[in-house]
Structure formats: C-alpha cells, structure tokens
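# Examination of the molecular architecture
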Amino acid sequence: MSAAEAATQVQQVLCRLDEIPDGGSRGLLRQGLDDRVFVVRQGGEVFAWLNDCPHQHRPLEYRQDRFLSGDGSRIVCYAHGAHFDIRSGHCFAGPCEGEHLVRVPTQVKDGVVWLLSDVPAAGGRERI
Ligand code: FES
C-alpha cells in the first residue's frame, strides 16, 4: 500500500466549515466529557489542535467550544492561563511557555474539514 493510499484510508470528516464560527473555535470528537480535538477558523483556514494543554495535559476550554481569548486573537488554556499562537500552537505566555500544542492534520476541501491522520493521543507521544 502506498503512503497516499494509507493517508486516504484514515481521512474522515471532522465537520463542515460553516459549523465553525469565523474567528471562533469549536471542540470536536467528544470522548466522555471532553472533546479530543478543537479547531479555530480564520476565514477559509482551519487550525486543528489536540485538546491537551502541554502544562498538565488537561482540556483547555472554560466551557463548550470556548478556546480563545475574548478578542479571538489567541488560544487560551483556562486552567492556568497559558496563551498559544493560533497558527503555530506555540505557547508564548504562561506556565508552559516555550512548549507547543499538538497539531491535528486537517484539510479544508469543498466546505468540509477533513481529518488527515489518526488523532494523536493525549500527552502527544503515542497514537491511538
Ligand atoms: S493545564 Fe493549561 S495552563 Fe495549566
């Protein structure tokens, strides 16, 4: 099997683009009480991250789908106030400064957000 064939097999629909508010965020792939993944939309671009803060490996949001600062300019972990760049996932302020969120590979095509690989496990080291 080629790498392209393998990649095709793990593709799944995460959501439609219009289900994410432009400039906003949404949690997805709920498992128990938590969403495993969250996405941030900026126009036609979507940035998808594992919902796992590198500080203490907790979910980031303070309530359903709320992963951003009040002005929508950055991702915030509400447990202890870490701030992350939306595009790079880099933590630039807070207790895990210098660390990164774990990227979840996605692609937007024809108004649909596709998941391109398995979702990394919480903790970011293993895949499930
Ligand atoms: S768990 Fe995210 S800042 Fe502490």
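Everything below is about the structure printed above this text.
Residues numbered from 1 in each chain as written. Predicted model: local features only at pLDDT ≥ 70, side-chain atom pairs only at ≥ 80, totals over all residues. Heavy atoms only, no water.

## Concerning the pairing of strand β3 (residues 34-42)
This is how the line gets drawn: One bridge is not enough; two strands pair if DSSP finds at least two bridges between them. Every helix listed is a DSSP run of H or I at least four residues long, and every strand listed is a run of E at least two residues long, numbered separately from the N terminus.
Summarising the sheet, strand β2 (residues 25-31) and β3 pair through six bridges and their orientation is antiparallel. Residue pairing in the sheet places Leu-28 in a bridge with Val-37 of β3. Hairpin connection between β2 and β3: a loop of two residues separates the two successive antiparallel strands, and Gly-32 in this loop has a positive phi of roughly 70°. Sheet analysis places β3 next to strand β4 (residues 45-50), joined by six bridges and oriented antiparallel. Residue pairing across strands places Val-40 opposite Phe-47, the latter belonging to β4.

## A few points about the sheet that holds strand β6 (residues 82-84)
Under the convention used in this document: Fitted lines through C-alpha atoms give the axes, limited to the stretch in contact for helices. The angle between two N-to-C directions lies from 0 to 180 degrees.
Reading across the sheet, the three strands line up as β5-β6-β7 and stay open at both edges, with antiparallel pairing between neighbours. Edge positions in the open sheet fall to β5 (75-77) and β7 (91-93), since each of these has one partner strand only. Averaged over all pairs of adjacent strands, the angle between their axes in this sheet comes to 35°, without regard to strand direction. Across two bridges, β6 lies against β7 in antiparallel orientation. Of the residues in β7, the one forming a bridge with Phe-84 is Cys-91.

## Points about the pattern of salt bridges
So the rule is basically this: We count a salt bridge whenever a side-chain nitrogen from Lys or Arg sits within 4 Å of a carboxyl oxygen from Asp or Glu. Buried means the residue's accessible area, taken with a 1.4 Å probe over protein chains only, is under 20% of the maximum for its type, while exposed means over 50%, and partly exposed covers the values in between.
In total, this model carries six salt bridges according to the counting rule given. Ionic pairing is found between Arg-16 and Glu-19, a salt bridge with its closest N-O pair at 3.5 Å. Residue class for Arg-16 comes out partly exposed when judged on its relative accessible area of 42%. The salt bridge partner of Arg-26 is Glu-19, with a shortest N-O separation of 3.7 Å.

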